[in-house]
Each structure stands twice: as structure tokens, then as C-alpha cells.
Amino acid sequence: MTSHAHTHPALHVAQRRRHTLAWLRFINERFLWLPLGAALAFVWANTWSESYFRTAHALAFPVNEIGMAIFLGLVTQEALEAMMPGGALDAWRRWAMPLLAAAGGVLGSTFFYLGFITLKHEQVLAAAWPVACAIDMAAGYYLLKTIFRRSAAPHFLLVLGITTNAVGVLILAVWPAFTPHHLGAALLLLLAVSIAAAIRRSRVRVFWPYLVGCGTLSWLAFYWAGVHPALALVPIVPFLPHRARAGNPFADPTPDGIVHRAEHEWSAVVQLVLFLFGLVNAGVLLRGADTGTTAVLMAALLGRPVGVLGGVALGIALGLRLPPSIRWRELIVIALATTSGFTFALFAATSLLPPGAVLTQIKVGALATVAGAVITLSAARLLRVGRFAAPPSRA
Amino acid sequence: MRPIEIVRVHVAAIVIAITAVAWLHAGVDVALPHAADSLKFAVIGDNGTGEPPQYDVARQMVSSRSSFPFDFVLMLGDNMYGSQKTPDFVTKFERPYGPLLDVGVRFYATLGNHDQPTNRSYGSFNMGGERYYTFARPPARFVILDTNLMDRAQLAWVDDTLERTEEPWKIVYFHHPIYSDGDRHGSNVEMRVLLEPLLVRHGVSVVFSGHEHIYERTTPQKGITYFIEGSSGQLRKGGVTPSPLTAASFADDRTFMLVEISGDQLFFQTISRTGRIVDSGVIQRAPDGSARSSP
């Protein structure tokens, strides 16, 4: 008779729980809830189409126009903290080069997008050009972290991505025509911001009065003005208590203080919002692909890397310097890592375009830009950079 | 029976069988009533190529009009392909349909994905500069939509327009089909979820679309018959795989449609570039607007 070492059932349960928690943490830190929601939506839309689209349309308003305000608020908070003294992006002297690269990327993707639809004579797609410029910062950041373990490359991409997407957010904000009835909305927004400033003066270090009280007023002001209400927290967030983040700006903050503890709770809500965002917006029928899909792919996979590299070349010609560990080979990989638009491209698409044939083909393109990750990894391998670099030869 | 008689019987049986198969294949040829006080119009879609097949279809339309005097044409989108500069309006619209325009036939267009959005201001498309609009020709109200961008304002407008309609026949047309067995695009289910509840609630009887470069007629879906006429210039040969959804289809040549509304009946004929009737039938309008088609 053989004897087996039996694990105690309680130990087994604890081990399983630890594994589950580790997986959940991994998914949280890498913003994988959105891709999970997107994958579920894609399968659902292509199997039980009618039930999917009915559900998606019912959830679209609360998710896209209320929930996404919480997401954009957190992104603003993280960007501000990363730029604070001691933050991960507190290197203003190095900002000039990624800013030029971002400008090149926007120009490159816009040129390729508009060029392609003009060649195909489909001007109805012209309104979607900002979608082609969007960069999924989290995807690019983790991709570069995987390739370059210790390098300035991920932070270079972050500055590039933040600048590019900030341009997109600005376009989103000024998209509707300014009309006199916006005056009431402007006053309401002023009230929201004033209350936020007053709370800050009272040294309130808990987030929720800012987010729930001032955020709600700001949301109503944006909605009233006809500006996308998902931007509602952007003017409120600068009044929130901040603490510099020296490490990974995308990681769940460590609960080491009241500010980061509040962000931790906020981040958990955002993960749920992102899952729902993927579920509601990423369900597209495969047969929805058309000219707009190819245009977005051309712009993201060709136009943006070419533009980014062009921007850097201009910077060098103007006498700017690259971070020490980055040369042209690394730059090509960084430029390719900007090709995935996914989260921000989907957000821009659903914000700028109403449902219809145009939105469908643009969304298929936005989803398909994830192919950029495979291209980036292949290029890194081919160019032998980062973890794929040849080991130093022994003398 | 003598051997020669046996041969004759066999030959007769074979001829009858071949005729029956051909008749079934072609569908029942329902004649248009040509009533004096009926509403008569033609339907074309995906036509504006400027190439010879578009001109052939246009010639058939002109020829049909001598016996079936329709005075307006529904255009289902992709009214122009490729370049859309001033000379293109001549070669892709004014020249092929010139004989119809000359006798006062009006064209009412909807925008397809290939149409420049600014074409809505082109006078001969009669869109009044709008992406979506309506016009009435008693006993029918036509509601024209832009399915490229189906915003909330447009949905509210459709709801309101159909609600106020007093004409007994409500006919809606837009470019992207919400029911189709076409191989390239198929049904636009997302658009269906948005539009179908409105169409059903307001008693729409017939919907026309294009986009899929074939001709197709569906079996009534929740009381509505859907026509896809996307082959008046373009053609995707064999581009349809019929399922029980399809009542009739044709993807061998270019086509256009003739429609006549007389009382509670809508008669239709689909005619190929060579003048062959490839589908025909009649749709009976029920008091609630829902329709039954035959054959």
C-alpha cells in the first residue's frame, strides 16, 4: 500500500485563494479587465447578436457617460502625480523629445488616415480621424516593460501617450459648437470647481466629497453644455490631495497613506467600469470590417510609427538629446509600441461617433490595433534590443 | 401504345418538367396592374459607377417607363462611387438618367458609405441639404434615413415623423440592410436593434436598402418586407446564400425595381439589365400596417 502526502483541506483552500488573489492582482495592475470584457463582448456579439446589442445599448449611457468619468478622473490623477516633484515623469528637460515624437505621431496617423479614406473616396469616415491617433498607454507601457527591463523607454512612451491622448481629450471637449446656452453650464462648472477649492482649503484628505459632490455638479454642467460628460472629473482632480508616484504609474497604489488608500478604492471601481466599458463597446460583428477598419489600421500601424520617428529625427536636428539608453533601434521598438489604440481608441470612437455603419468599422479597426503588440515584440526580437539583445561575448 | 407514341409522351413529360422547373426558378410573374390612379415609382441602389452596366440599367428604366409611367425614383445610396467632382455628376448620374430627368422624373436619394456627405445638397437628389428627410406621395409617406451615423436626434426624428404620418403606406429606406442573406455584409444587427422597434410600432410595411450588391427580398419580418436592391450599377455575382429569411434573390446581373401602390396592395417587379423579370409579387397591407407578401 502506498502512502500519499495529503494536504490539509484548509491549507488547500488557502492556497487556492492565494492563487486567485495573485491572478486578480495581476489583472488589476495590468488593466486586463477591459480586454477581458472586450473578449466576452466580441464572442457574445458574434453568437447572439441581437441579445448583445440590446444589452449594450441599454448599458451604453451609464457606462460610457457616467462610468468613464471615473476612469478619466483616475487617469488625470495618475498623470498629475507622475508629473509632481519626485514623480516618475518629473524630468521636464526630457519632455521636449517625446513631445515632438507625439506631435509627429499625431500628424503621421492623421495623414495616413485621411489619405487612405480620400484615396477610397469615403469622406463619410473623415470625422473619425482622432480615433486613429489614440494610444493605449497601459498596453504600450507593459509591452516596453516586458522588452526593456531597465530603460527609460517605458517613461518615454508614457509622456508620448499622455500628450497624444490629451490632444484627443481636448478635441472631444471642443467638438460641439459653442452656443450661448452654455453660459449656464459654465456657471455650474465654476460652482463645482469653487466648492472643490473650498474643500481643499479645509484640508479634507478624503476623495469622496470631491468626486461625489463636486464631480456630480461638474458632470451635470458638461452634460448640459453638450460636452462629453466623461470629462467631468478632469477639472476637479487637480484639487484632490496628491502624492508623488515614483514607480509605475499604472500599478495599484500601495495603501501607505490616506491619499493612496483612497486611490486604491477608486482604482477598484475603475476596474469594474473598464470591464463594463469593454463589454458594452467592443462587441462588433466580424463582417462590420470595411474601409474605416483598414484606415485605422494603416494610421496606427504605419502612420504613427513613421510620424514618431520623424518627430524624433526633427528633435535631433534641432539639437535635442535622447535618453542615454535609447538609440535608433530602441526608438523603432518604442514607436511600434505606440501602435495599439485599444482602450483610448474605443473610447474616442464611442465618444465622437453615434451608432451606425461608420462607428462599427472604426471599432473593428480600434480592436485590431492590438496586432501592434505582436509586431512590436517581433521587431524587438529582429532588432535584438532589450531582453532579445545578444549576451555580451566573453573575452 | 406504339413506340412512337411512347417517345411523344416522354418528350411531352420532359418539356412540362423543364417548363415547371424554369417557372419555379423564376418565380411567379405577377403583372403590375397599371391602374390609372395608382402610385408608381422605380427603385435603384448602389448604382453610381459611371460604367456601362449602369447605363444599361438606366436604358431599361427608360424603356419600362413608356409602358409604366413612374414619376419618381428612390435611390438607396452609393449614388456615386469614386471621384465625386462636378464632371462625375454628369457621367455617373445626369447622363445615364438624362432621358428620365428630361421628362421630369424626380430622384430621391439616401446617403451610402461611398457618397460624399456634401452630396445631400446636390439639387437633383432632392434631399434639401438634409441627411434624413421625408416626403409624401399619397397614399404613401417615404422616410429616408442616414444609417452611416444614427444619432439620437435622428432616432427621435424617425419616431416623431412616423407617429405623425397620416398616409396609410409607410415606406422607409436607408443604405445598410438590417435583414439580409448577402455574403459580404449580411444583416446589420446593431442597426436592427435601434430601428426595428420603431418600424414595427409605427406600422411600416416595406423597407428598402442597398449596400449588398445583389437583389434580395425577405420573408416578412415582424410584418415588414425588406428589399435589398444593391445591384443597379454594382454587382457581386452569386453574392447571396439564401436561408429561410430569403423569399427571393438574384445575383446574376444588375437589376432595378418597379413598384405600384394601388389601394391596400403594393405590386413590385424586379427587372434585370436585359429586361427579364427576376422577381415579382404583391404585398397586402393590413390595417395595422403589417404586410403579407406573395408569392
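Residues numbered from 1 in each chain as written. Chains lettered and ligands numbered in written order. Predicted model: local features only at pLDDT ≥ 70, side-chain atom pairs only at ≥ 80, totals over all residues. Heavy atoms only, no water.

Visitor: Requested: an account of the overall build of chain B, with residues and values cited.
Guide: Of the regular secondary structure elements, chain B holds 6 helices and 14 strands. Each of the 295 residues in chain B was classed as buried or not, and the buried ones make up 59%. For chain B, the proportion of contacts with a sequence separation of at least 24, taken over those separated by at least 6, is 66%. Accessible area of chain B: about 11,800 Å², with a carbon and sulfur share of 56%. (Helix = DSSP H or I, 4+ residues; strand = E, 2+ residues; numbered from the N terminus. Buried < 20%, exposed > 50% of the residue type's maximum accessible area, 1.4 Å probe, protein only. Contact = heavy atoms within 4.5 Å. Areas by Shrake-Rupley, 256 points an atom, 1.4 Å probe, with all protein chains shown as cover.)

Visitor: Quick one: what's the story with the interface of chain B and chain A, residue by residue and with numbers?
Guide: Taken residue by residue, the interface counts 28 residues in chain B and 23 residues in chain A. Carbon and sulfur atoms make up 53% of the surface buried where chain B meets chain A, a total of about 2,200 Å² over both sides. Across the chain B-chain A interface, the total number found is 3 salt bridges. B:Arg152 is the salt-bridge partner of A:Glu65, the closest N and O atoms lying 3.3 Å from each other. Along the contact surface separating chain B from chain A lie 10 residue pairs in polar contact (both at pLDDT 80 or more). With 6 residues, the top contributor of residues to the side of chain B that touches chain A is helix α6 (residues 189-201) of chain B. (Buried area = accessible area lost by both parts, 1.4 Å probe. Salt bridge = Lys/Arg side-chain N within 4 Å of Asp/Glu carboxyl O. Polar contact = N/O pair within 3.5 Å; in protein donor to acceptor, adjacent residues only side chain to side chain.)

Visitor: So what's going on with empty space enclosed by the protein? Which residues, and what values?
Guide: Rolled over the atoms, a probe sized like a water molecule indicates the empty space that remains. Residues and elements named next belong to chain A. Applying the stated criterion across every chain yields a total of 2 cavities of 30 Å³ or more. Estimated volume of the largest cavity: approximately 130 Å³. As for the largest cavity, its lining consists of 13 residues, and the residues nearest its centre are Ala134, Asn165, Gly168, Val169 and Ala348. For the lining of the largest cavity, the secondary-structure elements that each account for two or more residues are α5 (129-133), α7 (153-174) and α13 (342-352). Broken down by element, the residue count for the lining of the largest cavity peaks at 6 residues, all from α7. Grouping the constituent residues of the lining of the largest cavity by class yields 10 nonpolar, 3 polar and no charged. Approximately 40 Å³ is the volume attributed to the second largest cavity. For the second largest cavity, the full set of lining residues is Val106, Trp129, Pro130, Cys133, Thr164, Val167, Gly168 and Ile171. (1 Å grid on protein atoms, 1.4 Å probe; cavity = no way out; pocket = protein on both sides within 12 Å on 5 of 7 lines; lining within 4 Å. Points joined across faces, edges and corners; volume = space filled by probe spheres on them. Nonpolar A, V, L, I, M, F, W, Y, C, P; charged D, E, K, R; others polar.)

Visitor: A description of the confidence of the model for chain B should follow, citing residues and the corresponding values.
Guide: Residues and elements named next belong to chain B. Across chain B, pLDDT averages 91, with 87% of residues at or above 70. When the criterion is pLDDT under 50, residues 18-28 qualifies, and its contacts beyond four places in sequence or with other chains add up to 4 contacts. Both scores are available for the predicted complex, with the pTM at 0.84 and the ipTM at 0.83. (pLDDT = per-residue confidence, 0-100.)

Visitor: Describe in detail the layout of surface pockets, supporting the description with residues and values.
Guide: When its volume is computed, the largest pocket comes out at roughly 990 Å³. Forming the boundary of the largest pocket are 34 residues, of which A:Glu65, A:Thr350, A:Leu353, A:Pro354 and B:Arg152 lie nearest the centre. Ranked by residue count, the leading element in the lining of the largest pocket is helix α3 (residues 49-83) of chain A, at 8 residues.

Visitor: A description of the environment of B:Pro287 should follow, citing residues and the corresponding values.
Guide: Within the fold, B:Pro287 resides in the loop between β13 (277-285) and β14 (291-294). Along the primary structure B:Pro287 and B:Asp264 are separated by 23 residues, whereas in three dimensions their C-alpha atoms are 8.8 Å apart.

Visitor: Lay out the nonpolar core in plain terms, naming residues and giving numbers.
Guide: Among the nonpolar cores identified, the biggest contains 81 residues, and A:Tyr113, A:Trp266 and A:Ile362 are the most heavily contacted of them. No other element matches α3(A), which puts 10 residues into this core. (Core = buried A, V, L, I, M, F, W, Y, C linked by side-chain atoms within 4.5 Å.)

Visitor: Account for the side chain of B:Asp151, naming residues and giving values.
Guide: All names here are of chain B. Summarising the element assignment, aspartate 151 is placed in the loop between β5 (140-144) and α5 (152-164). Residue aspartate 151 is classed as buried on the basis of its relative accessible area of 16%. Side-chain polar atoms of aspartate 151 contact the backbone nitrogen of alanine 153, separated by 3.3 Å.

Visitor: Talk me through the sheet that holds strand β10 (residues 246-250) of chain B; I want residue IDs and the actual numbers.
Guide: Residue and element names in this part refer to chain B. Reading across the sheet, the 7 strands line up as β4-β5-β6-β7-β9-β8-β10 and stay open at both edges, with mixed pairing between neighbours. Each of the sheet's edge strands pairs with one partner strand only, and the pair in question is β4 (133-137) and β10. The mean angle between the axes of side-by-side strands here comes to 15 degrees, regardless of whether they run parallel or antiparallel. In the packing of α5 onto the sheet, the strands contacted are β4, β5 and β6 (169-173), and the crossing angle to β5 comes to about 175 degrees. (Pairing = 2+ DSSP bridges. Axes fitted to C-alpha atoms, helices over the stretch in contact; angles between N-to-C directions.)

Visitor: Which residues make up the packing of aromatic side chains, and what are the values?
Guide: If you walk through the whole model with that rule in mind, you get 31 aromatic pairs over all chains. With a centroid separation of 6.4 Å and an interplanar angle of 55 degrees, the aromatic rings of A:Phe277 and A:Phe347 are classed as tilted. Of this pair, A:Phe277 sits in helix α10 (residues 258-281) while A:Phe347 sits in helix α13, placing them 70 residues apart in sequence. A:Phe347 matches A:Phe277 in its accessibility class, with the two residues each being buried. Between B:Tyr108 and B:Phe135, the ring centres sit 3.7 Å apart and the planes meet at 15 degrees, which makes this aromatic pair stacked. With B:Tyr108 in strand β3 (residues 106-109) and B:Phe135 in strand β4, this residue pair connects regions lying 27 residues apart in the sequence. You can call B:Phe135 buried: its relative accessible area is 9%. Ring pairing ties together the aromatic residues B:Phe89, B:Phe93, B:Tyr97, B:Phe107, B:Tyr122 and B:Phe125, which thus form one cluster. (Phe/Tyr/Trp six-rings, centres within 6.5 Å; stacked < 30°, edge-to-face > 60°.)

Visitor: With reference to specific residues and values, describe the packing of α13(A) against helix α14 (residues 357-368) of chain A.
Guide: All names here are of chain A. Close contact between α13 and α14 brings their axes to 9 Å; oriented N to C, the two are set at 170 degrees. Taken together, the axes of α13 and α14 are roughly antiparallel relative to one another. In this structure, α13 uses Phe342, Ala345, Leu346, Ala349 and Thr350 to contact α14, whose residues at the interface are Leu359, Ile362, Lys363, Ala366 and Leu367. Of the residues assigned to the contact of α13 with α14, the class counts are 8 nonpolar, 1 polar and 1 charged. (Parallel < 35°, antiparallel > 145°, perpendicular 65-115°, else oblique.)

Visitor: Describe in detail the pairing of β13(B), supporting the description with residues and values.
Guide: Residue and element names in this part refer to chain B. The buried count for β13 comes to 7 of 9 residues, which makes it a mostly enclosed element. Pairing between strand β12 (residues 265-272) and β13: 7 bridges, direction antiparallel. Each bridged residue has a counterpart across the sheet, and for threonine 270 the counterpart in β13 is aspartate 279. Linking β12 back to β13 in an antiparallel pair, the connection comprises 4 residues, with glycine 275 at a positive phi of about 95 degrees.

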